[in-house]
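Breakdown of the fold
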Amino acid sequence: MIDRISVKSILKGECKEERVTVYGWIRTARSGKNVAFASITDGSVSSPLQIVFDRDKFDDISGLATGACIKVTGRIVESPGAEQSREISAENLEIIGPVGDDYPLQKKKHSIEFLRSMPHLRPRTNTFSAVFRMSHHLSLAIHRFFDENGFFFIHAPLITTSDAEGAGEAFQVTSMPLDSITLKNGNVDYSKDYFKRQAFLTVSAQLEAEPLALAMGKVYTFGPTFRADPSDTRFHTAEFWMIEPEMAFFDLDDDISLIEDFIKFAARYLHDKCAEDISFFTRFYEKELKERYSMLMESDFARITYTDAVELLKKNKGGFEVAPEWGSDISTEYERFLADEYFGCPVFVTDYPAAMKPFYMRMNDDGRTVACTDLLFPQVGEIVGGSQREERLDVLNIRAKECGIDLNDYSWYFDLRKWGSAPHAGFGLGFERLLMYLTGMENIRDVIPFPRSKGKMM
Ligand code: 4AD
Ligand code: MG
């Protein structure tokens, strides 16, 4: 057994012993005539722990180099320095993992782009350990919220037969080299493949969450989703996590209040649990981060229909690169205008034209829009996509045909409307986009330990 006390328990005064053993990686080290100092971190907390070495006792301190892993036994003492209240007066030092001059993170500050090129080392920096600590707390907040609100956590399959969003962005899954099962006429004989049919990595757990909601009432999934998204922007990755609740006996208004309640809860949870990390991000990354938390926790989100939003966009004197028109997508420049400029807060845009959205969204009485919402955030854009689902078999049949859905692939989905159908709704929230907003990180690749995006994978 390794006897060890974390840096956090020493700095927070949780550890009552006087003499302790700590392990950590050296952030900085310097040496004077009488004493040497090393600041170490072990990721448990934002601040480093200072270790003081009396040069009379420690003759050879050549191993105290940035990046090295050390084990120190010593006494916890009050620190005379202003930066920390407690430090360790070392009695014994062991260099567990030495480093050479070639350790890449020598400088105190490295650019975020440079760090992105070494995902295996960047968690040792202040920035990335703070991001991943907050990622942990946000994950827990999700489970806490849904559990407290009567939801059941469901594990959805990652391998599916459907492209739920119909966007043609699904990665294919196969156990065979595709050329070995390609027939002379160029078609692929999937009966020879592992599942005896074509299979994909899931783009959304929604379709599989619906049967569970229509049996258990309120369920949610929280897991990885995969998209061969052609957009290579700072908001897109090929592999991201989505939170997907699905609720029986919910309409679009219920769905929208749940989204808002959930985000408010998550913001409050991080605000209370991660004060030090939030201060760090406020200081170094996003000056207005604390205001973001206050806004999320205290103000109501805005709401506007797609049709009204287009009218509003048309009136914008500044104009846009592409003139807004009913039926066109809410592009990034429109998102910016609505969320950043006009409302200055998260805004639910609802009731989009049916033609722009997948087959499963519930048709409104006007026959041309569907009961759905996208939640747009300032700075980050779309965080949530949700809708009331079409529960009427006849309407769903028409919509599926219009969208070119092969009914054979989805027969079970239609069964749900045939036997005991019920109104229901749900949404999908992009975990990493929310985390970007809550940390102030500007690129989605910087909130994922090992990001995967178009043309890039380490
Ligand atoms: O709007 P989307 O495509 O909605 C669905 O997939 C629904 N089936 C969800 C549901 O109703 N259960 O995706 C939902 C969210 C987006 O709003 C965005 O936050 C995130 O998933 N997202 C991505 N995040 C990072 N990289 C990508 N390529 C993303 N694509 C979507
Ligand atoms: Mg969407």
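Residues numbered from 1 in each chain as written. Chains lettered and ligands numbered in written order. Predicted model: local features only at pLDDT ≥ 70, side-chain atom pairs only at ≥ 80, totals over all residues. Heavy atoms only, no water.

Section: the overall build of the protein chain
Secondary structure summary: the protein chain contains 12 helices and 18 strands in total. Principal axes of the C-alpha set define a box for the protein chain whose edges measure 85 × 60 × 45 Å. Taken across its 458 residues, the protein chain has 52% of its residues classed as buried. In the protein chain, of all internal contacts separated by at least 6 residues, the share reaching a separation of at least 24 is 67%. (Helix = DSSP H or I, 4+ residues; strand = E, 2+ residues; numbered from the N terminus. Buried < 20%, exposed > 50% of the residue type's maximum accessible area, 1.4 Å probe, protein only. Contact = heavy atoms within 4.5 Å.)

Remarks on the sheet that holds strand 7 (residues 159–160)
What holds strands together in a sheet is hydrogen bonding between their backbones, with the strands either parallel or antiparallel. One open sheet accounts for 3 strands, arranged 7-9-8; its pairing is antiparallel. Of all the strands in the sheet, just strand 7 and strand 8 (172–173) have a single pairing partner and so form its edges. With 2 bridges joining them, strand 8 and strand 9 (residues 199–201) adopt antiparallel strand pairing. Residue pairing in the sheet places Q172 in a bridge with F200 of strand 9. (Pairing = 2+ DSSP bridges.)

With respect to helix 8 (residues 306–315)
Of all the residues in helix 8, the buried ones are Y306, A309, V310, L312 and L313. Viewed end-on, helix 8 has its buried residues packed into an arc of 160 degrees, placing them on one side of the element. Close packing links the buried residues of helix 8 with strand 12 (302–305), helix 9 (332–343) and strand 13 (347–350). (Arc of directions from axis to C-beta.)

Quick look at the environment of A130
Here A130 shows up in helix 3 (residues 126–148). Overall, A130 belongs to the buried group, its relative accessible area being 0%. In this structure, the C-alpha to C-alpha distance between A130 and E335, residues 205 residues apart in sequence, is 29 Å.

Thoughts on the packing of aromatic side chains
Both the distance between ring centres and the angle between the ring planes are used here to describe each pair of aromatic rings. For the structure on display, the rule yields 31 aromatic pairs. Relative to F58, the ring of F53 has its centre 5.2 Å away and its plane inclined at 85 degrees; by these criteria the two rings are edge-to-face. Given the relative accessible area of 0%, F53 is considered buried. Residue F58 is classed as buried on the basis of its relative accessible area, which comes to 9%. Each member of the aromatic cluster is reached from another via a ring pair, and the members are F145, F146, F151, F153, Y220, F262, F265 and Y269. Seen from the ring of Y352, K357 lies directly overhead, with NZ or CZ sitting 4.4 Å from the centre. The aromatic ring of W326 is capped on one face by R368, whose charged end is 4.1 Å from the ring centroid. (Phe/Tyr/Trp six-rings, centres within 6.5 Å; stacked < 30°, edge-to-face > 60°. Lys NZ or Arg CZ within 6 Å of the ring centre and 35° of its normal.)

Observations regarding the sheet that holds strand 4 (residues 69–78)
What the 5 strands build is a closed barrel, ordered 1-2-3-5-4; its pairing is mixed. The sheet shows a mean angle of 55 degrees between the axes of neighbouring strands, direction not considered. Relative to strand 5 (residues 86–97), strand 3 (residues 49–54) runs parallel, the two being bridged by 2 bridges. Paired with I51 across the two strands is I88, which belongs to strand 5. (Axes fitted to C-alpha atoms, helices over the stretch in contact; angles between N-to-C directions.)

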